[in-house]
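What follows is the residue order along each chain.
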Amino acid sequence: MQIVGIMSGTSLDGLDLALCNFISDNEQISFRLIASETINYSPEWKEQLQNVYNANAETYFKLHSAYGTFIGQKVTEFLAKHQQTAEAIASHGHTIFHQPQQGFTTQIGCGATIAAKTRITTICDFRSLDVAVNGQGAPLVPIGDRDLFHQSESCLNIGGIANISFTKNNKTSAFDICIANMALNYLTETIGKAFDDGGALAASGITNGELLQQLLDLNTQQQSLGREFFENHFLPLLNSSAISLNDKLATCVEYTVSQIAETLNKQQINSVLITGGGAYNTYLIERIKHYYKGKIEIPSNEIIQFKEAIIFAYLGFLRLNEKVNTLNSVTKASRDSVGGAVYLGKR
């Protein structure tokens, strides 16, 4: 089955598209990445996705439909460019609200609109069923880590939020660790830079002990984190600090790597596969190595950039085959589930 996986992360780097071919052979799943691409957001799209969190309901649903149209257009262009077809689209959307303790999670980007525009069956809203059965609705990627990247002992994604998954004694565990690129990118955007290239700015700064301790006191480990947490708890600490930008960057890097290393060491993990934008942050990786002495694996650029989109394609594959794609061992739900709303394409 050939599926386009689509992911838009909390760091707003862009829309990741991954066209994957999945083959099932005696319960063993293999995949081939056929084509991949990141669609960078225009300043207008980035602003809308950042600010809709504070919008009224009418504005939210207008953007929900418009963003679905945008995704549908980009998928159509992507398939045409690579002269490929797809049997399905698996779209995560872009998370706006994630409050499982209140019984809801919402990802913007209307799946019905995507299916209508592309005439391709579309799977979306992967998190809501898990939340409905008392889960956190996250993380969803661990089943893909387990099935598609099982050659690695653990998988660490350093995106807007750093999260980890690993399987021991046939039990898969996974959780968010801490805020990561969401903070770093927020800081660099104040000087017109999308990100800190290689961590050069952070490397020139000095860690501020007072701010570092305030961030560590937030105690984020094993919570389900989202933009609300960043804006309501993390951001006020950053904005109230009078230290220089580079010192803030250095402090945020130290916060992130200390939380990551503490998790790796506590879980007695001997090797870790690192993906997400953080894998390109040379300074951040060096600081992880300072605290963690296990083996660090950095995969190919395609896997670094598109692993989450690949896994959402896989979640769509499982959903269409009515197989479990959400593990209660990681989301703390009352049961495993087969998550995702399906909108049929051309009939």
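Nothing here was measured: the structure is a model prediction, and the numbers come from that model.

Assigned secondary structure in the protein consists of 13 helices and 13 strands. Taken over C-alpha atoms, the radius of gyration comes to 19 Å for the protein, in line with the 20 Å a tight globule of 347 residues would show. Looking at the 347 residues of the protein, the share that counts as buried comes to 57%. For the protein, the accessible area works out to roughly 15000 Å², and carbon and sulfur atoms hold 45% of it. Computed over 26 positive and 32 negative side-chain charges, the separation of the two mean positions in the protein equals 5 Å.

Moving on, we come to the sheet that holds strand E11 (residues 271-275). Here five strands make up an open sheet; going across it, the order is E10-E9-E8-E11-E12 and the pairing mixed. The sheet is open, and its two borders are formed by strand E10 (171-179) and strand E12 (295-297), each paired with just one other strand. Adjacent strand axes in the sheet meet at a mean angle of 20°, parallel and antiparallel pairs treated alike. Across five bridges, strand E8 (residues 154-158) lies against strand E9 (residues 161-168) in antiparallel orientation. Note that in E9 the partner of Ile158 across the bridge is Ala162. Strands in contact with helix H10 (residues 245-266) are E8, E9, E10 and E11; relative to E10, the strand with the most contacts, it is inclined by about 160°.

With respect to the helices and strands, Ser271 occurs in strand E11. Residues contacting Ser271, with those up to four places away along its chain left out, are Glu153, Ser154, Tyr292, Lys295 and Glu297.

Let us now look at the sheet that holds strand E4 (residues 88-91). On the basis of which strands lie adjacent, the open sheet formed by six strands has the order E3-E2-E1-E4-E7-E13 and mixed pairing. Of all the strands in the sheet, the pair left with one neighbour each is strand E3 (28-39) and strand E13 (341-343). Averaged over all adjacent pairs, the angle separating strand axes in this sheet is 20°, with direction ignored. Bridge analysis of E4 against strand E7 (residues 122-124) gives two bridges, and the strand direction is parallel.

This part takes up the pattern of salt bridges. A full pass over the atoms with the stated rule returns eight salt bridges. Among the ionic pairs, Glu58 bridges to Lys62, the shortest N-O distance being 3.7 Å. Of the two residues, Glu58 and Lys62 are both situated in helix H2 (residues 57-81); the distance of four residues between them amounts to about one turn of the helix. Pair check on accessibility: Glu58 and Lys62 agree, each one exposed.

Glancing now at helix H8 (residues 209-216). Residues of H8 that are buried: Leu211, Leu212 and Leu215. Viewed end-on, H8 has its buried residues packed into an arc of 100°, placing them on one side of the element. Buried residues belonging to H8 abut helix H9 (227-240) and H10. Put simply, Asn208 is the residue that caps the front of H8, since its side-chain oxygen is 3.2 Å from the backbone nitrogen of Glu210.

Here the focus is the pairing of E9. For E9, the tally of buried residues reaches six of eight residues, placing the bulk of the element in the interior. Hairpin connection, E8 to E9: the antiparallel pair is bridged by two residues. By the bridge criterion, eight bridges tie E9 to E10 in an arrangement that is antiparallel. The residue bridging Ala162 from the neighbouring strand is Cys178, located in E10. Linking E9 to E10, which pair antiparallel, is a turn of two residues; within it Asn169 sits at a positive phi near 55°.

What counts, and where the lines are drawn
- Residues numbered from 1 in each chain as written.
- Predicted model: local features only at pLDDT ≥ 70, side-chain atom pairs only at ≥ 80, totals over all residues.
- Heavy atoms only, no water.
- Helix = DSSP H or I, 4+ residues; strand = E, 2+ residues; numbered from the N terminus.
- Rg over C-alpha atoms; globule rule 2.2 N^0.38 Å.
- Buried < 20%, exposed > 50% of the residue type's maximum accessible area, 1.4 Å probe, protein only.
- Areas by Shrake-Rupley, 256 points an atom, 1.4 Å probe, with all protein chains shown as cover.
- Lys, Arg positive; Asp, Glu negative; His and termini not counted.
- Charge placed at Lys NZ, Arg CZ, Asp CG, Glu CD.
- Pairing = 2+ DSSP bridges.
- Axes fitted to C-alpha atoms, helices over the stretch in contact; angles between N-to-C directions.
- Contact = heavy atoms within 4.5 Å.
- Salt bridge = Lys/Arg side-chain N within 4 Å of Asp/Glu carboxyl O.
- Arc of directions from axis to C-beta.
- Polar contact = N/O pair within 3.5 Å; in protein donor to acceptor, adjacent residues only side chain to side chain.

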